[in-house]
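# Geometric and topological summary
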Amino acid sequence: MVTDKLILNGNQVAESIKEALVERIQQLSHKGIVPCLATVLVGENPASATYVRMKGNACKRLGMQSIRIDLPEATTTKELVAAIQQLNDDPGVHGILLQHPVPAHIDERAAFDAIRIEKDVDGVTTLGYAQNAFGFAKFPSCTPAAIMAILAYYNLPIKGKHAVVIGRSPILGKPVSAMLLNQDATVTTCHSRTTHLEDLVRLGDIVVAAVGKPNFVKGDWIKPGAVVLDAGYNEGNIGDVDFEACVENAYAITPVPAGVGPVTIATLLKHTVDAAELLSE
Ligand SMILES: Nc1nc(=O)c2c([nH]1)NC[C@@H]1CN(c3ccc(C(=O)N[C@@H](CCC(=O)O)C(=O)O)cc3)C=[N+]21
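Here the structure is a predicted model, which is why all the values come from computation and not from measurement.

### Here's the deal with the overall build of the protein chain
If you tally the helices and strands in the protein chain, you get 10 helices and 9 strands. Its C-alpha atoms give the protein chain a radius of gyration of 19 Å, within 12% of the compact-globule value 19 Å for 281 residues. Along the longest, intermediate and shortest principal axes, the C-alpha atoms of the protein chain span 50 × 45 × 35 Å. Residue burial in the protein chain is summarised as follows: out of 281 residues, 51% are buried. A fraction of 71% describes how many contacts in the protein chain between residues 6 or more apart in sequence connect residues 24 or more apart. Of note, the protein chain has its 24 positive side-chain charges centred 2 Å away from the centre of its 30 negative side-chain charges.

If you want it as structure tokens, here you go:
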């Protein structure tokens, strides 16, 4: 039985974030501004297409606008950069999200860095990442920000805790490690080359799973009383954490679905509204 467990409800956290946007969106509409998110998807990955669609639908539900740019698999770096520059120059677009990962032949860093900093609502540019690492980013990456929002919503302490992050991707493992450090956690970032990974995870008061491998984190890796955040989004809506096993030792844990995912989308909407306000000042 798991009744004594704190199941962190991402839908509830997402609702609280979105609720706070309603009035701000209304205020902007008085100025003739409709916050607009442009999503850019390269290639035909069906899962990526689903996420992009969810982001667009979420915008619509809040009375925001969204633009979808779908580019073929064979798009070159130059063509992708040109498409992004067009969105940079479009005064009707406030946020730009380039869906990660892009096909391997594209220079993803160059594409990310083509995004104008004022529209980098997912904190993917080099400058946005650096600002986040120093703790003063306007737009930290959405999934890391979502993880921090969940911890904050439930008043889960970070200061002095040992946080173990599994994964070092540019939009997840690296930025969330920086954000936890900035809130006074002691951070260990693990990755595919880490030796004795399980032993390190066992030290975690906070465990963030961002590896992209279904059910990767096992129940006996979790220290009793730990807080477990699952940022995995594998095929079939399966997280990186073996929930049924990990819930036993955990004090608090996010499920998949209805954990980090919906908060990520709410954060993206919030950043887009932030960007619309800042760009209209
Ligand atoms: N630049 C960039 N930024 C991203 O934030 C980004 C990205 N690229 N590439 C792909 C991943 C994936 N991602 C998800 C967001 C929400 C859910 C989500 O809300 N999932 C629902 C369930 C999904 C469903 O019902 O099908 C849930 O967990 O409850 C999942 C996955 C953001 N990503």
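Okay, back to it.
### Observations regarding the UniProt feature "domain: Tetrahydrofolate dehydrogenase/cyclohydrolase NAD(P)-binding" (unreviewed entry) in the protein chain
Those residues carrying the UniProt feature "domain: Tetrahydrofolate dehydrogenase/cyclohydrolase NAD(P)-binding" (unreviewed entry) are residues 141–277 in this numbering. Secondary structure across residues 141–277 comprises 38% helix and 15% strand; the distance between its end C-alpha atoms is 19 Å.

### Examining the pairing of strand E2 (residues 36–42)
The side chains of a regular strand alternate, residue by residue, between the two faces of the sheet. Counting buried residues in E2 gives 7 out of 7 residues, a clear majority hidden from the surface. Note: E2 against strand E3 (residues 65–71), 7 bridges, orientation parallel. Bridging from a neighbouring strand, Leu41 pairs with Asp70 of E3. Handedness of the crossover is the feature at issue here: the chain leaves E2, passes through helix H2 (residues 46–61), returns alongside E3, and the resulting connection is right-handed. Pairing analysis gives 4 bridges linking E2 to strand E4 (residues 95–98), with the strands arranged parallel. Opposite Leu37, over in E4, you have Gly95 as the bridge partner.

### Topic: the UniProt feature "domain: Tetrahydrofolate dehydrogenase/cyclohydrolase catalytic" (unreviewed entry) in the protein chain
The UniProt feature table records "domain: Tetrahydrofolate dehydrogenase/cyclohydrolase catalytic" (unreviewed entry) at residues 8–122. The span residues 8–122 is 49% helical and 16% strand by assignment, and the distance between its end C-alpha atoms comes to 23 Å.

### A word on the site of the ligand
The environment of the ligand is formed by 18 residues, the closest being Leu98, Gln99, His100, Asp122 and Ala258. Between the ligand and Gly261 there is a distance of 3.4 Å, counted from an oxygen atom to a backbone nitrogen or oxygen. Within the contact set of the ligand, an oxygen atom lies 3.4 Å away from a backbone nitrogen or oxygen of Pro262. Starting from 670 Å² of accessible surface for the ligand in isolation, the protein chains cover 84%. Counting residues per element, the shell around the ligand draws most heavily on helix H10 (residues 260–279), at 4 residues. In terms of residue class, the shell around the ligand is made up of 10 nonpolar, 6 polar and 2 charged. Of the domains in this structure, domain 1 (31–117) and domain 2 (142–261) are the two that each give at least three residues to the shell around the ligand.

### Re the side chain of Thr125
Within the fold, Thr125 resides in the loop between helix H4 (108–113) and helix H5 (126–134). Relative accessible area serves as the criterion here: at 3%, Thr125 is assigned to the buried category. Polar side-chain contacts of Thr125 include one of 2.9 Å to the backbone nitrogen of Gly128.

### So, the environment of Pro140
Position of Pro140 among the secondary structure elements: in the loop between H5 and helix H6 (142–153). Overall, Pro140 belongs to the buried group, its relative accessible area being 13%. C-alpha separation for the pair Pro140 and Ile25, spaced 115 residues apart in sequence, amounts to 21 Å. Sequence-distant contacts of Pro140, defined by excluding residues within four places in its chain, comprise Val121, Asp122, Gly123, Asn132, Ala145, Met179 and His271.

### A few points about helix H1 (residues 10–30)
When the terminal C-alpha atoms of H1 are compared, their 31 Å separation across 21 residues agrees well with the 30 Å that a helix rising 1.5 Å per residue should span. Residue Val22 marks the point of greatest curvature in H1, where the axis turns by about 30°. The set of residues buried in H1 consists of Gly10, Val13, Ala14, Ile17, Lys18, Leu21, Ile25 and Leu28. In this fold, the buried residues of H1 make contact with H6 and H10. Sitting at the amino-terminal end of H1 is Asn9, which places a side-chain oxygen 3.0 Å from the backbone nitrogen of Asn11.

### So, the packing of aromatic side chains
Inspection of every chain in the model, using the stated rule, returns 4 aromatic pairs. Here Phe134 and Phe136 contribute two aromatic rings whose centre-to-centre distance is 6.4 Å and whose plane-to-plane angle is 5°, an arrangement assigned as stacked. Of the residues examined, Phe134 reaches a relative accessible area of 66% and is grouped as exposed. On the basis of relative accessible area, Phe136 is assigned to the exposed category, the value being 54%. Ring centres 5.1 Å apart and planes at 70° place the aromatic pair Tyr153 and Tyr154 in the edge-to-face group. Judged by relative accessible area, Tyr153 falls into the partly exposed class, the value being 34%.

Cut-offs applied
- Residues numbered from 1 in each chain as written.
- Predicted model: local features only at pLDDT ≥ 70, side-chain atom pairs only at ≥ 80, totals over all residues.
- Heavy atoms only, no water.
- Helix = DSSP H or I, 4+ residues; strand = E, 2+ residues; numbered from the N terminus.
- Rg over C-alpha atoms; globule rule 2.2 N^0.38 Å.
- Buried < 20%, exposed > 50% of the residue type's maximum accessible area, 1.4 Å probe, protein only.
- Contact = heavy atoms within 4.5 Å.
- Lys, Arg positive; Asp, Glu negative; His and termini not counted.
- Charge placed at Lys NZ, Arg CZ, Asp CG, Glu CD.
- UniProt positions renumbered as here; feature names shortened; annotations may be inferred.
- Pairing = 2+ DSSP bridges.
- Right-handed = clockwise from strand over helix to strand, strands pointing away.
- Near = heavy atom within 4 Å.
- Polar contact = N/O pair within 3.5 Å; in protein donor to acceptor, adjacent residues only side chain to side chain.
- Areas by Shrake-Rupley, 256 points an atom, 1.4 Å probe, with all protein chains shown as cover.
- Nonpolar A, V, L, I, M, F, W, Y, C, P; charged D, E, K, R; others polar.
- Domains from an automatic or database assignment.
- Expected span 1.5 Å × (residues − 1).
- Bend = angle between axes of the 7 residues up to and from the residue.
- Phe/Tyr/Trp six-rings, centres within 6.5 Å; stacked < 30°, edge-to-face > 60°.

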